[in-house]
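# A structural walkthrough
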Number of protein chains: 2
Amino acid sequence: MPRMNHSKGVGVTKIHDITIPIGPSTPLWPDDPDISLEPASRIANGDVSNVTLLTMGTHSGTHIDPPAHFFDGTATVDRIELSLLCGPAFVAEINAVERIGREHLDAAKIPPGVRRLLLKTSNSSKELMSRPDFDANFVSLSPSGARWIVDHGVQVVGIDYLSVEAHSDLNHDTHRVLLGNRLSVLEGLDLRSIDTGHYLLFALPLKIARGDGAPVRAVLVENI
Amino acid sequence: MPRMNHSKGVGVTKIHDITIPIGPSTPLWPDDPDISLEPASRIANGDVSNVTLLTMGTHSGTHIDPPAHFFDGTATVDRIELSLLCGPAFVAEINAVERIGREHLDAAKIPPGVRRLLLKTSNSSKELMSRPDFDANFVSLSPSGARWIVDHGVQVVGIDYLSVEAHSDLNHDTHRVLLGNRLSVLEGLDLRSIDTGHYLLFALPLKIARGDGAPVRAVLVENI
């Protein structure tokens, strides 16, 4: 496991930002609300300071799905335990696959006991999260892959495009398996510069009261 | 310094959430935009999932001021080094003071070398951040206090109400001293349950492209 070093001048810790910027170029899931950043006050207009009005959906950009995204009456985003969102994580790279299933996860050399699993796919090499237009041909997790993840005790799973589930899955079985088993799902991660391996994850969502989701700032901490 | 323990089953780490919830009860600085959470899709209305449209100002709730809040052309929120926002922090409790000046910081037993300093004041015991109505009589940092902080090498300073500076300071000298010296300022922290001492701070702002500020999810990590 990696260790953060808190003593001054001893060891080096690297913090990887795995969050995409929020702005007019952020790709959006079809029918999600637009992101808007409108000036509320501007020094250039004679105001004392700069303030902006942000408007966005709770599932835009790098974000988290709590169970309440799909199941009314279950945990909302402000109720996800921070001890789930902060701690050791494993990044698994799975390439040359369109839908990640049980067999791909079996072959991915994921160590036993991983509670936080981030899936790096060819979405990253294609830089899909850096393209403003939605691309329906992204790599996703199949329902059998979701079941593998639940069965292996993973509690937080992440992926490098806007949804963990294929755009064509109209039953939403992948989401239902994951969120129905109280997992939380990180979507829209920027894993382009991240190698397979162990890190410390801090994935901190906006604390939206009773939110069905929230944008997240997520980092991976590594000793180098 | 506290240490996070990453080995399974050894030691206990506690994560303190120092963020206030975002919702209709969040107190707002006068003239800041309202916070709104409007349904975009609802399972209860026959939609597949729940999605919400969030509208808020970039300086509402628990948030961060980068230099660009007061100085055009300086660092925006997406440019603040994460190594500044993540790392050892000291919480100093300063009570029975209306404006924290140089003399109060001298007396506060702040260890030398602190880069991240959070000021817990009577704003916390009064629970001002839990009251929906703005209260102009909050404890703030005076310009002399701001100068002390710059002179002592602090790079991130935080406080437990909506501004680090008194509502009556129309020159905004406290902000100008801090942001003009490239510090970032955390405002609206919930420090009610936090004791004086050393922690690991993770204060992660929304990654708003060229943002003049952003809401933050902030946690303090402690070994117990």
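## Details of helix H5 (residues 173-180) of chain B
- Residues of H5(B) that are buried: B:Thr174, B:His175, B:Val177, B:Leu178 and B:Leu179.
- Directly beyond the C-terminal end of H5(B), a positive phi value near 70° is found at B:Arg182.

## Regarding the interface of chain A and chain B
- Chain A puts 56 residues into the contact, and the matching count from chain B is 56 residues.
- When its residues are assigned to classes, the side of chain A that touches chain B shows 30 nonpolar, 17 polar and nine charged.
- Pairing of strand E3 (residues 51-57) of chain A with strand E3 (residues 51-57) of chain B involves five bridges; the strand directions are antiparallel. Across the sheet, residue A:Leu53 finds its bridge partner in E3(B), namely B:Gly57.

## Looking at the relation of the copies chain A and chain B
- Mapping chain A onto chain B calls for a rotation angle of 180° and an axial translation of 0.0 Å; the resulting RMSD is 0.0 Å. Expressed as a symmetry operation, the mapping of one chain copy onto the other fits a two-fold axis. Proximity to the rotation axis, assessed at the C-alpha, singles out A:Thr55 in chain A; its C-alpha lies 2.2 Å from the axis.
- Comparing interface residues between copies, 100% of those in chain A also sit at the interface in chain B, which points to an isologous, same-surface contact.

## Here's the deal with unusual backbone geometry
- Backbone geometry places A:Asp31, a non-glycine residue, at a positive phi of 75°.
- Judged by C-beta crowding, with 9 C-beta atoms within 10 Å, A:Asp31 ranks as exposed.
- Of note in the backbone geometry, B:Arg210 takes a positive phi value of approximately 55° without being a glycine.
- Its location among the elements puts B:Arg210 in the loop between strand E11 (197-205) and strand E12 (214-223).
- A residue is classified by how many C-beta atoms lie within 10 Å of it, and B:Arg210, with 13 of them, is partly exposed.

## Considering the packing of helix H4 (residues 143-151) of chain B against H5(B)
Residues and elements named next belong to chain B.
- Contact geometry of H4 with H5 gives a least axis separation of 8 Å together with a crossing angle of 10°. As far as their axial angle goes, H5 and H4 are roughly parallel. Across the interface between the two elements, Pro143, Ala146, Arg147, Ile149 and Val150 of H4 pack against Asp173, Thr174, Val177 and Leu178 of H5.
- Of the residues assigned to the contact of H4 with H5, the class counts are six nonpolar, one polar and two charged.

## Some points on the environment of A:Lys109
- Looking at the secondary structure, you find A:Lys109 in the loop between helix H2 (102-106) and strand E7 (116-120).
- Distance in space between the C-alpha atoms of A:Lys109 and A:Gly188 is 23 Å, their sequence separation being 79 residues.

## Examining the sheet that holds E3(B)
- As summarised here, the arrangement of the four strands in space is E2(A)-E3(A)-E3(B)-E2(B), forming an open sheet in which the pairing is antiparallel. Only two strands of the sheet have a single neighbouring strand rather than two, namely strand E2 (36-41) of chain A together with strand E2 (36-41) of chain B. Direction aside, the axes of adjacent strands within the sheet are offset by 15° on average.
- In this sheet, E3(A) lies alongside E2(A) in antiparallel orientation, the contact comprising five bridges. Each residue of the ladder has a partner; that of A:Ser41, found in E3(A), is A:Val51.

Analysis parameters
Residues numbered from 1 in each chain as written. Chains lettered and ligands numbered in written order. Predicted model: local features only at pLDDT ≥ 70, side-chain atom pairs only at ≥ 80, totals over all residues. Buried ≥ 20, exposed ≤ 12 C-beta atoms within 10 Å, placed from the backbone. Helix = DSSP H or I, 4+ residues; strand = E, 2+ residues; numbered from the N terminus. Contact = placed C-beta atoms within 7 Å. Nonpolar A, V, L, I, M, F, W, Y, C, P; charged D, E, K, R; others polar. Pairing = 2+ DSSP bridges. Least-squares fit on C-alpha atoms with pLDDT ≥ 70 in both. Axes fitted to C-alpha atoms, helices over the stretch in contact; angles between N-to-C directions. Parallel < 35°, antiparallel > 145°, perpendicular 65-115°, else oblique.

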